[in-house]
Amino acid sequence: MQKSDDIQNLIKALSKIQGFGNRSAIRATINLISNREEKIAPLIEALNNVYNNIKTCPICGNFDTVVPCSICQDEKRNSKIICVVSDISSLWAMERGNIFDGKYHITGGILSAINGIEPDDLNLASLKNRVINENVEEVILALPATIDAKITSHYIINLLKDTNVKITELAHGVPLGGELDYLDEGTIGEAIKQRKLI
Ligand SMILES: [Zn+2]
């Protein structure tokens, strides 16, 4: 049986979402079409709102409806400490449970020789500018515990070397290859509290 173009297009669009293979896309498509009112209508509305209202913060890289994002704008937060994370899901993980009251910087990935990701592909130069212009006193590296992330950390340490900023990294508790997103608040909180000077 040939699926209609409309169905085929939806499967194709869904299969482009990270973590969705073709089979998940087919399953989701059937589930959506079978529950049209209950699932498709709110999905259209949510997608529309996100498409129209969400912007990327030019300072830290977070997603928000306001620019700069509400974290960067929050004067109650300590702007002398910047926590460097690789992606937005890590930032959101740190934000769960109000563990950290500084600001963030999202690198937008980690360096990878295999995937051809070089320093210019990441938001690293802007980190140095922030450290200098905002008189930042401490940079906390909260990158995943992978070899590529270690290489990225070394690159950042080298990049910030002449700024004299204090650089720390999360303490043990972040599992090897594990990402912040998978950790509970208690583990993240301990990893921040016991962070080590580099
Ligand atoms: Zn921001």
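A few words now on the overall build of the protein chain. When helices and strands are counted, the protein chain shows eight helices and seven strands. Scored against the burial criterion, the 198 residues of the protein chain give a buried share of 23%. Pairs at least 24 apart in sequence give 56% of the contacts found in the protein chain among residues at least 6 apart.

Let's shift gears to the pairing of strand 5 (residues 138-141). Alignment of strand 3 (residues 78-85) against strand 5, held across four bridges, turns out to be parallel. When the sheet's bridge partners are listed, V84 is paired in strand 5 with L141. Bridge count between strand 5 and strand 6 (residues 166-169): four bridges; the pairing is parallel. Paired with E138 across the strands is K166, a residue of strand 6. For the handedness criterion, the β-α-β arrangement of strand 5, helix 7 (residues 147-159) and strand 6 is classed as right-handed.

An order of 4-3-5-6-7 is seen for the five strands of this open sheet, with the pairing classed as mixed. Of all the strands in the sheet, the pair left with one neighbour each is strand 4 (102-106) and strand 7 (196-197). With two bridges joining them, strand 6 and strand 7 adopt antiparallel strand pairing. Its bridge partner lying in strand 7, E169 is registered against K196. Seen against the sheet, helix 5 (residues 88-95) touches strand 3 and strand 4 and runs at an angle of roughly 130° to strand 3.

Next up on the list: the domain arrangement of the protein chain. Domain annotation for the protein chain reports domain 1 (5-51) and domain 2 (77-197). For domain 1 versus domain 2, the distance between C-alpha centres works out to 34 Å.

Criteria and thresholds
- Residues numbered from 1 in each chain as written.
- Predicted model: local features only at pLDDT ≥ 70, side-chain atom pairs only at ≥ 80, totals over all residues.
- Helix = DSSP H or I, 4+ residues; strand = E, 2+ residues; numbered from the N terminus.
- Buried ≥ 20, exposed ≤ 12 C-beta atoms within 10 Å, placed from the backbone.
- Contact = placed C-beta atoms within 7 Å.
- Pairing = 2+ DSSP bridges.
- Right-handed = clockwise from strand over helix to strand, strands pointing away.
- Axes fitted to C-alpha atoms, helices over the stretch in contact; angles between N-to-C directions.
- Domains from an automatic or database assignment.

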